[in-house]
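Structural description and commentary
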Amino acid sequence: MPGEGLLHNGRFITFEGGEGAGKSTQIRRLASALRGHAREIVVTREPGGTPLAEKLRGFILAGKARDFGPFGEALLFSAARIDHIDRIIRPALARGAFVLCDRFADSTRAYQGARGGMDAGMLLAMERVTLAGLRPDLTFILDIAPETGMARAHARRGAAGADRFEAEGLAFHAELRAKFLDIAREEPERCRVIDASRPEAEVARAILAACLEKWPLPEAEEKKWA
Ligand code: TYD
């Protein structure tokens, strides 16, 4: 039926995972695969996506909020997220856009929840208030061994210093990985774990295939894609 199916409704897809998993590359690839087929594609990121949230991003990633502890940092990420949801995400979904977001609420669960610094119930309560009913339709968890991911992140940033979370040790990143995998286990309907250690093009194919599996194309569209 015209106006229905994968490419004609607002869809919210988030990309999660540890450092150096290749999220931004994969978002670019999915956006270009969908371009020309979707009504509109919005690529965005967290923390960030609005001028106010980008300011908070600079502040948090420079480590200036570190002394607040995980709860204070989680509050700041949530404040940035509320602005992002209100000004960018909800309006885009209402227009029928495909929203591809680099990190979202699962990053708060994993990063601020790592090391047992915060009560999981409190994080979930904060998430409920922040999201006010919004939920990603699909979440890709790009899974990679922390040693590999951190080496990639290090190679990418070159001589520049590590940011607030890249600077954490291997134990923290191993725990992050476990947290993301826990989320995928708890919400299998929404989450797809993708082995991100494979070559870029293979990972891209797996992501596109998961989208098409969740939202099969109407026959007419399928022909265009063939
Ligand atoms: P970014 O440069 O986007 O990292 P990456 O390339 O790994 O995605 O920086 C975002 C950092 O902020 C990243 O280390 C994860 C962290 N973060 C949190 O700790 N909590 C959050 O809620 C979000 C959205 C990000």
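Look up: the structure comes first, before these words.
Rules behind the numbers
- Residues numbered from 1 in each chain as written.
- Predicted model: local features only at pLDDT ≥ 70, side-chain atom pairs only at ≥ 80, totals over all residues.
- Heavy atoms only, no water.
- Patch = residues over 30% accessible without salt bridge, like charges linked within 9 Å, V, L, I, M, F, W, Y side chains within 5 Å.
- Areas by Shrake-Rupley, 256 points an atom, 1.4 Å probe, with all protein chains shown as cover.
- Salt bridge = Lys/Arg side-chain N within 4 Å of Asp/Glu carboxyl O.
- Helix = DSSP H or I, 4+ residues; strand = E, 2+ residues; numbered from the N terminus.
- Core = buried A, V, L, I, M, F, W, Y, C linked by side-chain atoms within 4.5 Å.
- Buried < 20%, exposed > 50% of the residue type's maximum accessible area, 1.4 Å probe, protein only.
- Phe/Tyr/Trp six-rings, centres within 6.5 Å; stacked < 30°, edge-to-face > 60°.
- Near = heavy atom within 4 Å.
- Polar contact = N/O pair within 3.5 Å; in protein donor to acceptor, adjacent residues only side chain to side chain.
- Nonpolar A, V, L, I, M, F, W, Y, C, P; charged D, E, K, R; others polar.

A word on a nonpolar patch on the surface
A grouping of Phe71, Leu75 and Met122 is seen on the molecular surface, where their side chains present a nonpolar patch of about 260 Å² in accessible area. Among the secondary structure elements, Phe71 is positioned in helix 3 (residues 69-94).

Here's the deal with the nonpolar core
If you look at the biggest cluster of nonpolar residues, it comprises 22 residues, and the most contacted ones within it are Ile13, Phe15, Leu100 and Phe140. Elements represented by at least two residues in this core include exactly strand 1 (11-17), helix 1 (23-34), strand 3 (98-102), strand 4 (138-143) and helix 8 (200-214). Counting 19 residues, the second largest nonpolar core, distinct from the first, contains Leu56, Leu61, Phe77 and Ala80.

Some details on the packing of aromatic side chains
As enumerated under the stated definition, the model contains 7 aromatic pairs in all. Both rings, one in Phe98 and one in Trp215, keep their centres 6.2 Å apart while their planes meet at 85°; by these two values the pair is edge-to-face. Here Phe98 is found in strand 3, whereas its partner Trp215 is found in the loop between helix 8 and helix 9 (219-225), with 117 residues between them in sequence. Of the two residues, Phe98 and Trp215, both sit in the buried class. Here the aromatic rings of Tyr111 and Phe165 are separated by 5.4 Å at their centres, their planes lie at 80°, and the arrangement is edge-to-face.

Notes on the site of the ligand
The ligand sits among 16 residues. The nearest are Glu19, Lys23, Arg103, Thr108 and Gln112. Between the ligand and the protein, one listed contact pairs an oxygen atom with a side-chain N or O atom of Glu19 at 2.9 Å. Here an oxygen atom of the ligand sits 2.5 Å away from a polar atom, N or O, in the side chain of Thr108. Elements represented by at least two residues in the shell around the ligand include exactly helix 2 (51-61), helix 3 and helix 4 (105-112). The element contributing the most residues to the shell around the ligand is helix 4, with 4 residues. Residues of the shell around the ligand, tallied by class, amount to 5 nonpolar, 3 polar and 8 charged.

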